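Next come the chains, spelled out residue by residue.
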Amino acid sequence: MGERFLIIRLGAIGDVVHTLPLAAAIKDARPDSHITWAVEPAPREVLLGNPGIDEILTIDTKRWRKNLLSGGFVALRRDLLSVRNVGADVALDAQGLIKSGFLAWASGAPVRIGFEHRYCREGMNVLFTTHHVVPPKNPHHVVEKNLSLLDPLGLPIPLKENYRFPLHETQHEGEQAEECLKSVGHEDGRPLLVIHPGGGWVTKRWAPDRFAQLADHWHETDMGDVLLIWGPGEEKMVEEVVAFMRTQPLVAPATSIREMMALIRRGSCFVGGDSGPMHLAAAMGIRCLAIMGPTEPVRNGPWGAGNSVLHHRLACSGCYARKCPDIECLERVKAEDAIDVLNRLHPAP
């Protein structure tokens, strides 16, 4: 048995996706290594079936905070014992928070690799790590930032074209997705535009009437079917898009993350904001049109060739603000702009 690695990237979905090439690179360089990944319950589903991950450790930090005195302390103690029992030789903290650094320290790993304090969301993270990495100086994607954690180990960073995002699908999941699409009216073989109008922050959500115009264009130029997908708390956003449309889209039922992944995988193109579903689509090789606001496209855009980003750069761009009085950066992205880009990504027949 080779070295035991503990990767700590608790959430969210897109961030877990962007850390997949780190685990793949370790396994490629050291096939006999044992890799454990510490992750929150929801994004854990992204890791299921990944052949490069030997163990998934579910860490529920919400339970820590929810009731520290009556049950939360028990959950904290259980999770700390779990990371300790991994017996890690190396812990890699790809999150840069106090809680992720604390887990790295609690693991007892003699080598604990994280980012230099300027590149951590919470600078005190460095108190828990032994090696502090400075990411590439040139503008870079968060995927490249995560891979820079390999430097202290002397492991090779793969070429960009060789980054791997193992996202497994079972036969049952595939069959279930095909049946779901059939049940909502999708004709097998027709191109499918998948639209996700949601986003974790209000500042990431493009206007529903503009998604509607884009979807109507896809229908009215006979480019194929449109499927609207949504996650917890996003059903109203889909309803708003439907209300603005002239044509009738297909609307996915409530899905788990795994079920949503299987639906996305069957799309011809994907349109959405900086969200977990968009990053899943890009990682699965679906051509993406990302409509981005306060987050930086170079750092957080869809990974991979063939994708496009619409982003109106302002003096405040890259602010990462979760609240904004006018969200001008998104307001300036018009439906006509998106239609032009979509026509290039998937020309009409």
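Thresholds, definitions, all that
Residues numbered from 1 in each chain as written. Predicted model: local features only at pLDDT ≥ 70, side-chain atom pairs only at ≥ 80, totals over all residues. Heavy atoms only, no water. Helix = DSSP H or I, 4+ residues; strand = E, 2+ residues; numbered from the N terminus. Rg over C-alpha atoms; globule rule 2.2 N^0.38 Å. Buried < 20%, exposed > 50% of the residue type's maximum accessible area, 1.4 Å probe, protein only. Contact = heavy atoms within 4.5 Å. Areas by Shrake-Rupley, 256 points an atom, 1.4 Å probe, with all protein chains shown as cover. Lys, Arg positive; Asp, Glu negative; His and termini not counted. Charge placed at Lys NZ, Arg CZ, Asp CG, Glu CD. Pairing = 2+ DSSP bridges. Axes fitted to C-alpha atoms, helices over the stretch in contact; angles between N-to-C directions. Salt bridge = Lys/Arg side-chain N within 4 Å of Asp/Glu carboxyl O.

K.L.:
Would you take a moment to explain the overall build of the protein for this structure?
P.N.:
Scanning the protein from N- to C-terminus turns up 14 helices and twelve strands. For a compact globule of 349 residues, the expected C-alpha radius of gyration is about 20 Å, and the protein comes in at 21 Å, within 12% of that figure. The principal-axis extents of the C-alpha atoms in the protein amount to approximately 60 × 50 × 45 Å. Residues counted as buried form 55% of the 349 residues belonging to the protein. By sequence separation, contacts in the protein at least 24 residues apart represent 61% of the contacts at least 6 residues apart. A total of about 15,700 Å² of accessible surface is found on the protein, and carbon and sulfur atoms cover 53% of it. Across the protein, 38 positive and 42 negative side-chain charges occur, with their mean positions spaced 7 Å apart.

K.L.:
Any chance you could explain the sheet that holds strand β12 (residues 308-310) here in plain terms?
P.N.:
Consider a sheet: its strands pair through backbone hydrogen bonds, and that pairing is either parallel or antiparallel. Strand order in the open sheet formed by six strands is β9-β8-β7-β10-β11-β12, with parallel pairing between adjacent strands. Each end of this open sheet is capped by a strand with a single partner; those strands are β9 (250-251) and β12. Pairing between strand β10 (residues 269-272) and strand β11 (residues 287-291): four bridges, direction parallel. Bridge assignment links F270 to a residue of β11, and that residue is C288. This element, helix α11 (residues 276-283), spans β7 (192-196), β10 and β11 of the sheet and lies at about 150 degrees to β11.

K.L.:
Is there a simple way to explain the pattern of salt bridges in this structure?
P.N.:
Pairing between side chains becomes possible if they bear opposite charge and their charged atoms approach one another. Here the structure, examined in full by the defined rule, presents 20 salt bridges. Of the charged contacts, one joins D28 and R164 as a salt bridge, the two residues approaching to 2.8 Å between their closest N and O atoms. Of this pair, D28 sits in helix α1 (residues 13-29) while R164 is found in the loop between α6 (142-147) and α7 (171-183), placing the two residues 136 residues apart along the sequence. Taken together, the salt bridges that share partners define one network made up of E169, E178, R265 and R266.

K.L.:
Help me understand the sheet that holds strand β2 (residues 34-39), please; the structure alone is not making it clear to me.
P.N.:
With respect to topology, six strands assemble into an open sheet ordered β3-β2-β1-β4-β5-β6, the strand pairing being parallel. Only two strands of the sheet have a single neighbouring strand rather than two, namely β3 (55-58) and β6 (131-133). Here the average twist between neighbouring strands, direction ignored, is 20 degrees. Here strand β1 (residues 4-8) runs beside β2; their pairing, made up of five bridges, is parallel. Bridging from a neighbouring strand, F5 pairs with I35 of β2. On the sheet, α1 packs against β1, β2 and β4 (90-93) and is oriented at approximately 165 degrees with respect to β2.

K.L.:
Can you walk me through the environment of E336 in this structure?
P.N.:
Secondary-structure assignment places E336 in helix α14 (residues 335-345). Placed 123 residues apart in sequence, E336 and Q213 show a C-alpha to C-alpha distance of 8.5 Å.

Geometry only, nothing functional implied.
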